[in-house]
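# Structural overview for review
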Amino acid sequence: MAPRDYTPTAPKPYDFVSIEPLREGDRQRPKGHERYHPDTVSGLLEAALIVATPLHVASGDIHLRPDNRTPLVRALARVNDVPCIPASTVKGLVRSVVESITHSCVRITRARNEQLPPGAAGCKRKENLCLACRMFGSLGFEGHVRFDDALLTEGKPAIARMPALYAPRSRTGAYFSGRDVKGRKFYKHGRTVVDSQTPVEIIRPESRLSLTLRFDNLSVGELGVLLTALGVGEPPLMLKLGGGKPACYGSFLVQAQALRVWENPQQLYGAYDDAEHSALEAQTCFEAARELIVKRNLEKLAQIWEYDMGRTCPEGNY
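Presented here is an overview of the structure given in this document. Note that the coordinates shown come from a computational prediction; the quantities given were computed from them, not determined experimentally. (Residues numbered from 1 in each chain as written. Predicted model: local features only at pLDDT ≥ 70, side-chain atom pairs only at ≥ 80, totals over all residues. Heavy atoms only, no water.)

What follows concerns the nonpolar core. The biggest cluster of nonpolar side chains holds 73 residues, and the ones touching the most others in it are Ile85, Val97, Phe147, Leu226 and Trp305. Not counting the four nearest positions on each side in its chain, valine 97 is found in contact with Phe186, Ala229, Leu237, Leu301 and Trp305. (Core = buried A, V, L, I, M, F, W, Y, C linked by side-chain atoms within 4.5 Å. Buried < 20%, exposed > 50% of the residue type's maximum accessible area, 1.4 Å probe, protein only. Contact = heavy atoms within 4.5 Å.)

When you line up the elements, cysteine 285 lands in helix α5 (residues 282-289). Classification of cysteine 285 as buried rests on a relative accessible area of 0%. When the C-alpha positions of cysteine 285 and glycine 224 are compared, they lie 4.2 Å apart, and in sequence the two are 61 residues distant. The contacts of cysteine 285, once residues within four sequence positions are left out, are Val220, Gly221, Leu223, Gly224, Leu227 and Leu280. (Helix = DSSP H or I, 4+ residues; strand = E, 2+ residues; numbered from the N terminus.)

Moving on: a nonpolar patch on the surface. Taken together, the side chains of Ile62, Leu64 and Leu72 present a nonpolar region at the surface, about 340 Å² in accessible area. By the secondary structure assignment, leucine 64 is in strand β3 (residues 58-64). (Patch = residues over 30% accessible without salt bridge, like charges linked within 9 Å, V, L, I, M, F, W, Y side chains within 5 Å. Areas by Shrake-Rupley, 256 points an atom, 1.4 Å probe, with all protein chains shown as cover. Salt bridge = Lys/Arg side-chain N within 4 Å of Asp/Glu carboxyl O.)

Each turn of an α-helix holds 3.6 residues, which means side chains three or four residues apart point in the same direction. Over its 15 residues, helix α1 (residues 87-101) runs 21 Å from end to end, which matches the ideal 21 Å to within 8%, given 1.5 Å per residue. Every buried residue of α1 is accounted for by Ala87, Val90, Leu93, Val94, Arg95, Val97, Val98, Glu99, Ser100 and Ile101. (Expected span 1.5 Å × (residues − 1).)

Moving on, we come to the packing of aromatic side chains. Applying the stated criterion across every chain yields a total of three aromatic pairs. Between the aromatic rings of tyrosine 14 and tyrosine 187, the centroid separation amounts to 5.7 Å while the plane-to-plane angle is 80°, which identifies the pairing as edge-to-face. Of this pair, tyrosine 14 sits in strand β1 (residues 14-17) while tyrosine 187 is found in strand β14 (residues 184-187), placing the two residues 173 residues apart along the sequence. According to the relative accessible area criterion, tyrosine 14 is buried, its value standing at 12%. (Phe/Tyr/Trp six-rings, centres within 6.5 Å; stacked < 30°, edge-to-face > 60°.)

Moving on: the side chain of threonine 102. Here threonine 102 is to be found in the loop between α1 and α2 (131-136). You can call threonine 102 buried: its relative accessible area is 1%. Within the local environment of threonine 102, its side chain forms a polar contact with the backbone oxygen of valine 98, the two atoms lying 2.7 Å apart. Side-chain polar atoms of threonine 102 contact the side chain of serine 104, separated by 2.7 Å. Once residues lying within four places of it in the same chain are set aside, the contact partners of threonine 102 are Glu20, Leu131, Val225, Leu292 and Val294. (Polar contact = N/O pair within 3.5 Å; in protein donor to acceptor, adjacent residues only side chain to side chain.)

Right, let's get into the packing of α1 against helix α4 (residues 220-229). Packing of α1 against α4 leaves a shortest axis separation of 9 Å and a crossing angle of 115°. When the axes of α1 and α4 are compared, the pair comes out roughly perpendicular. For the pair α1 and α4, the sense of crossing is right-handed. In this structure, α1 uses Val94, Val97, Val98 and Ile101 to contact α4, whose residues at the interface are Val225, Leu226, Thr228 and Ala229. Its residues assigned to classes, the contact of α1 with α4 shows seven nonpolar, one polar and no charged. (Axes fitted to C-alpha atoms, helices over the stretch in contact; angles between N-to-C directions. Parallel < 35°, antiparallel > 145°, perpendicular 65-115°, else oblique. Left-handed = near helix turned anticlockwise from the far one by under 90°. Nonpolar A, V, L, I, M, F, W, Y, C, P; charged D, E, K, R; others polar.)

This brings us to the pattern of salt bridges. With the rule as written, the count across this model stands at 17 salt bridges. Across the pair glutamate 99 and arginine 107 runs a salt bridge, and its minimum N-O distance is 3.2 Å. Among the salt bridges present, the one from aspartate 148 reaches arginine 214, with a minimum N-O distance of 2.8 Å. Taken as a pair, aspartate 148 in the loop between β9 (145-147) and β10 (150-154) and arginine 214 in strand β16 (residues 208-218) lie far apart in primary sequence, 66 residues in all. By relative accessible area, which is 32% here, arginine 214 ends up partly exposed. Sharing partners across several salt bridges, the network here consists of Arg95, Glu99, Arg107 and Arg184.

The linkage connecting glutamate 234 with the following residue, proline 235, adopts the cis geometry, with an omega of 5°. Positive phi values are uncommon outside glycine, yet aspartate 81 reaches one of about 70°. Within the secondary structure, aspartate 81 is located in the loop between β5 (78-79) and β6 (82-85). We classify aspartate 81 as exposed; its relative accessible area is 63%. Its identity is not glycine, yet asparagine 217 carries a phi of approximately 55°, on the positive side. Turning to its location among the elements, asparagine 217 is positioned in strand β16.

This is the structure in structure tokens:
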């Protein structure tokens, strides 16, 4: 039997943002989809995603390559053979940020309700939803934010070798402090390990992807929350998604290019082209979002997601 390795493990490459209790009034009846409401804004945001560390979002396929050294690789997700980040992946990431910086419920967890802060268990009734569920949807209710697939526009895929990743040895010790959950988990940025066991297809650093998202019937404050969660507010955030997050894969920056708000959304019902749009200053949205955002949670997330390329991520099982 091989001797057990008692050398200290590398520091965990993640930290937690605390979960806020939901207060009276945090759950509300959402706006419906039957019309454009006069006290809301609708429009779209066009943005570029700038890749900072190798990014891998798997398609689930294994590609056969004419290369004796790496004949089989885990392939990137693609649309019409163009590497992409699927819309559901981007939406899930942005929703997780919105949940962490606002008084929103915990939808997906193995924790029992009594292990969560008061009122933070997942929303059950579509007539009474928290902020994140009103914006992104819940069981029986379609949300007001829709993402397109983010398509690669600059750069080419490459092959890297990702470390083998495993679940924590003890979920209780990793995610709970006593009987209570520690919070929402986010992985840190750092210098990527690229010479390891598992060959994967990646999007290279400095590559760019295009992203379009559309929103309907959001309040100006909710739009400010959405922009903040995309990392284009203050403090700015560098986001992280995809496979290999523990090994510092998947870091990217969102660069907003155009924010369009429809002046008269009713025109969309009978027009083939977009309705007339007007400029809405992002700063107006950020100011309106202050009462919705939990400042200490946003600051904690910015601390976790500090872009520190001096940090080395673990190479193996930790």
